[in-house]
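# Per-entry structural report
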Amino acid sequence: MPDLLAARSQMAVSLGFHILFAMVGIAMPVLMVVAERRWQRTGDHVYLDLAHRWAKGTAILFAVGAVSGTVLSFELGLLWPAFMERAGAIIGMPFSLEGFAFFTEAVFLGVYLYGWERISPRAHLAAGCAVAVSGMLSGVFVVIANAWMNAPTGFRWVDGRPVDVDPIAAMMNPAAFPQVLHMTLAAYAATGLVVAGIHALPLLRQPRNAFHRRALSVALLIGAPAALLQPVSGDLSARFVAHWQPVKLAAMEGHFKTERGAPLRIGGWPDEAAGETRYAIEIPYGLSLLAFKDPTAEVKGLLDFPRQDWPPVAVVHVAFQVMVGLGSYMALVSAAALWLMWRRRELTRHRWLLRALVLAAPMGFICAEAGWIVTEVGRQPWIIHGIMRTAEAVTPMPGLVVPFLVFTGLYAGLGVVVAWLLHQQVLRSPEATEEDAA
Amino acid sequence: MTADLGPAELVAGCALLALTAYVLLGGADFGGGIWDLLAAGPRKKQQRALIAEAIGPIWEANHVWLILVVVLLFTGFPAAFARLGITLHIPLSLMLIGIVLRGSAFTFRSHYGPGHGQEGGEGGRTSQHWGRIFAIASAGTPLLLGLCVGALASGALTAPGHAGFTATFVAPWLTPFGLGVGVLTLALFAFLAAVYLTVEASELALREDFRRRALGAAVAVFVAAFGTLGLAHLGAPLMGRALTTAPWAPALHAATAVAAVTAIWALWRRRYRADPVGLGAGPVPLPDPARPDHPRGGGPAHHPGPGPLGPRGRGARAFPVADLSSSGVQARADPVVSLTVFSVAVLFTSLGAGVVGAILGLGGGILLVPILTIFYGVDLHYAMGASIISVIATSSGAAASYLRTGLSNLRVGLFLVVATITGALTGAFLAGVVPTRWLELILGLALSYSAFTTIRQLGDELPRDLSADGLAIRFGLEGTYHDLRLDREIPYRARNVAGGFVAMYGAGVLSGMLGIGSGALKVLAMDYLMRLPMKVSTATSNFMIGLTAAASAGIYFSRGDIHVLIVAPVAVGVLAGAYLGTTVMARMRNTTVRKLFLPIVVYLALSMILRGLGIHLL
């Protein structure tokens, strides 16, 4: 395995692992705060039980997220020293802010987890809100730093070095807003729907279980609107990419030949050698319309760009199709669930919806992984879009396949343990029915 | 020299503060893992529970300091950060694995903690496995952190050129100095955690457990700090020089010493609550969010010194060279502080050497000579002279008190002293005839073996086998002493008397030929061969070394190597230290004494092997 590929793989594994826990760390606090608030308002103890259990699950996932995040902050320097040497001063600002947000989150999570009996209910709820807000902010800042790699602004590049660095302008880069919006919504949608799916499964067998019914309603309250809004934010992101990273857009769509009135391709397999995407369903004018709001707009194809500036087209295209496909399914299921809730229907009577929610459970996380593949692999061969190539940034350290395999093994092991622990926790959920709870 | 305080210094200062905060706050968490690993005694379970409870709410938040260091480094010093990322790739990666493992293992374990114990045996065992991983990763990570900081301080992180893999990616950080900083970090973290846990413990017995551990760790910190400072002169010359001769050094070391003494005094006197005066020197603690009434790091928990890992105070307590050139004591050209400061410094050092010497039966010379020569710039001859006086002083101070408590056995001592002196005479006669390098190698290997066996019997409080030995009965080499720790009379009897006598003769020969102190060899022979209780061994050794030292003192005195300016504070300090040491030792466990003795044996073994290979540490 070449060192560059090993370094990229290690970074991908670390990021792919961390993002799962980071998303839970962003969204789960909101769920537990909502449950706690409902308990305080209604005095229904099932909600308190729910908040306790969710807090416990959050603690496990947050801990793994915290340590894997620490690893990432080091890996930037360990794997990409030349990148950090040039970019460190420019993206240091969002990383520092992220540090403070993370600190706030960790402190208040400690207060929340260990403070149930020590502080007043109101203060406890406030601590929970602080966790939720700072968790979201910490995600926002990290995504801003990543957005800068896609749309580098706030400096002048002179002789391979940045000069006139303006960290604020770098944070205000044009990719920041669409990416931040898309990722934050993704965290709420994925976490909300995975929790909904986990609680929908037992409801299929025992539809009167009060614990799972309440859990489902809170989870859908957070997850479903986010999932519904996600296609809109995705459209915003795609239009940013169309404007700023036309190569990435072309790879996402498997679009090789520049044309006016370009079709939208669904599925298919891009053949880089032949310069065409085979077996795709083509919707005429679709791409031009979506990317530029004009059915006859010209969309540049990959063949108009130098070959050495192409990302791995097949990976990006397939990942993008997976994200869009699964995301659409999540949006549809969420729309159905929200409609039923709005009409005050009993969700548990609609077994098809419960089944659809169980099916949707893992999709948010698959979408997130696929989305990050689109962002990161789609930016290749650049580490800073248009400025610095990934190959120039990698460490001269040889034998990078060793740390790659070690960290992969470590994370695989941790993943299995976490999954098993969560499985255990779900198995232990209470069996009280609606009648008992009342 | 005035430093310009530009933005670079400001950022560096912030990074240093953040690192200090990580070491103080996160260090206590790592230290908690170390004590989890070393949990022992009847309250093993409660100790672990206290550790889990104490670090549970805060360990994640403490990561922020490390992240802050990283961010400040790459924002402020991107080129340096890139260099670090390349040359320290291996230790940093290993450290990350440690951080991941301890964090997740701790969380997984607490998942099975109180409230989830109902699954019964299986959950308990799984929990134990995670506890093990947590503890081991907690102990390994500080070592790696220290290695990295040590590499940074050494100035050896050169540009990755065309040198080989080892030269670029391994050699800069895998150095004796780096290892020293690693061990110092480990000791510091253990000390911090133990102090923190004494404050956190609500149960008296548990608090005593950690008080004892804190005092033990303080000794470890003391030893590691001096060792590291010594290594700094070889491994990080810039740092070593700055720590001994810079104008701010006296103030720094004085502050460190005051903080350390305050902390240890507070532990000793069981003053667990912060007294406002003592807080002044300590860093501002981060309040523990979940329990506002327990200020973290308050009082005795404040760290002895401004920053154990920053480029400045790595906990070393040396004073700069005194202006003694006029009196001809030392030849260094850059006198810095007054005679008074020098005397006070030597006094305190000797106090420490006296304590250690009295406990371990070594006379303190093994510590005093390197400290005087390396840190105070005293000429080796004067240092040796002072060491001889120190040995006599320890012996007089300690032997009297040990004889009273029955810890030292006069018969055993006299019996063995005959062997040693005969051996020493033989050795002096043989010197120059036999090639010493081979002897040094063999002795080094033999000591390594005995270090190994010492490790194996670390846990034995008292010798198990009390069967009779013909010679022991004939010479009456037996006795009883009242063990203050176990609070009962301990009868003991020497075994393998002939072997011990031969070994003592050998020890004498070697010390005569190689010019090394034989105290450590005597203790080893009594403890390992003759199976005397460890405390009896070191107490008896204390008595014996005085006899031999008194003989040599005359020679040194006639040569003019006994300089009153050095010897006066040494004698006073060592006497007081020895008195203190005997009081401490009478209340210690045999196993503790043996644990303290082990590093000395390891050091001797290493230095002998190195000398045999032609490398002289001093």
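Each chain has its residues counted from 1, following the order in which its sequence is written. Note on labels: chains are lettered from A, ligands numbered from 1, in written order. In keeping with the model being predicted, local features are shown solely for residues with a pLDDT of at least 70 and side-chain atom pairs are shown and tallied solely at 80 or more, while totals for entire chains, interfaces and linings include all residues. Note that water and hydrogens are dropped before the side-chain values are worked out from all heavy atoms of the structure.

## A few points about the overall build of chain B
The helix count covers DSSP runs of H or I at least four residues long, the strand count covers runs of E at least two residues long, and both are numbered beginning at the N terminus. Broken down by element type, chain B carries 23 helices and two strands. Exposure categories follow from relative accessible area, calculated using a 1.4 Å probe and restricted to protein chains: below 20% of the type maximum is buried, above 50% is exposed, and the middle band is partly exposed. Split into buried and exposed, the 618 residues of chain B put 56% on the buried side. It only takes one pair of heavy atoms within 4.5 Å for two residues to be counted as in contact. Relative to all contacts within chain B whose residues are 6 or more apart in sequence, the contacts with residues 24 or more apart total 80%. Looking at chain B as shown, the accessible area adds up to about 24900 Å², and 69% of this sits on carbon and sulfur atoms. Surface accessibility follows the Shrake-Rupley procedure with a 1.4 Å probe radius. Residue values consider only the protein chains on display as shielding.

## Re helix α1 (residues 3–42) of chain A
Expected helix span is taken as 1.5 Å per residue step, with the number of steps being one fewer than the number of residues. Here α1 of chain A spans 58 Å end to end across 40 residues, near enough to the 58 Å set by a 1.5 Å rise per residue. Downstream of α1 of chain A by a residue or two, Gly43 of chain A has a phi angle that is positive, lying close to 70 degrees.

## A look at the pattern of salt bridges
We define a salt bridge as a contact between a side-chain nitrogen of Lys or Arg and a carboxyl oxygen of Asp or Glu at a distance within 4 Å. Across all of its chains, the model carries 18 salt bridges over all chains by this definition. Note that Arg86 of chain A is salt-bridged to Glu85 of chain A, the shortest N-O span being 3.8 Å. Judged by its relative accessible area of 18%, Arg86 of chain A falls in the buried class. Residue Glu85 of chain A is classed as partly exposed on the basis of its relative accessible area, which comes to 22%. Arg48 of chain B is the salt-bridge partner of Asp36 of chain B, the closest N and O atoms lying 3.3 Å from each other. Highlighted residues: Asp36 of chain B in helix α1 (residues 7–37) and Arg48 of chain B in helix α2 (residues 44–55), separated in sequence by 12 residues.

## Looking at the packing of aromatic side chains
Geometrically, a pair of aromatic rings is defined through the distance of the ring centres and the angle of the planes. All names here are of chain A. Here a Phe, Tyr or Trp ring, Trp counted by its six-membered ring, pairs with any other such ring whose centre lies within 6.5 Å, and the pair is stacked when the planes are under 30 degrees apart, edge-to-face when over 60, and tilted otherwise. Under the counting rule described, the total for this entry stands at 17 aromatic pairs over all chains. Ring centres of Phe17 and Tyr411 lie 4.1 Å apart, and the angle between their planes is 15 degrees; on these two criteria the pair is classed as stacked. Residue Phe17 is located in helix α1, and its partner Tyr411 is located in helix α14 (residues 401–427); the two are separated by 394 residues in the primary sequence. The class of Phe17 is buried, set by a relative accessible area of 9%. Judged by centre distance (6.2 Å) and plane angle (20 degrees), the ring pair of Phe240 and Trp244 falls under stacked. Within this pair, Phe240 and its partner Trp244 are both found in helix α7 (residues 210–244), separated by four residues, close to a single helical turn. By relative accessible area, which is 10% here, Phe240 ends up buried. A relative accessible area of 36% means that Trp244 is categorised as partly exposed. Through a chain of ring-to-ring contacts, the aromatic side chains of Phe17, Phe21, Phe407 and Tyr411 assemble into a single cluster. Between the NZ or CZ atom of Arg389 and the centre of the ring of Trp382, over which it lies, the distance is 4.3 Å. Remark: a charge is flagged as sitting over a ring if the NZ atom of Lys or the CZ atom of Arg is within 6 Å of the ring centre and within 35 degrees of the ring normal.

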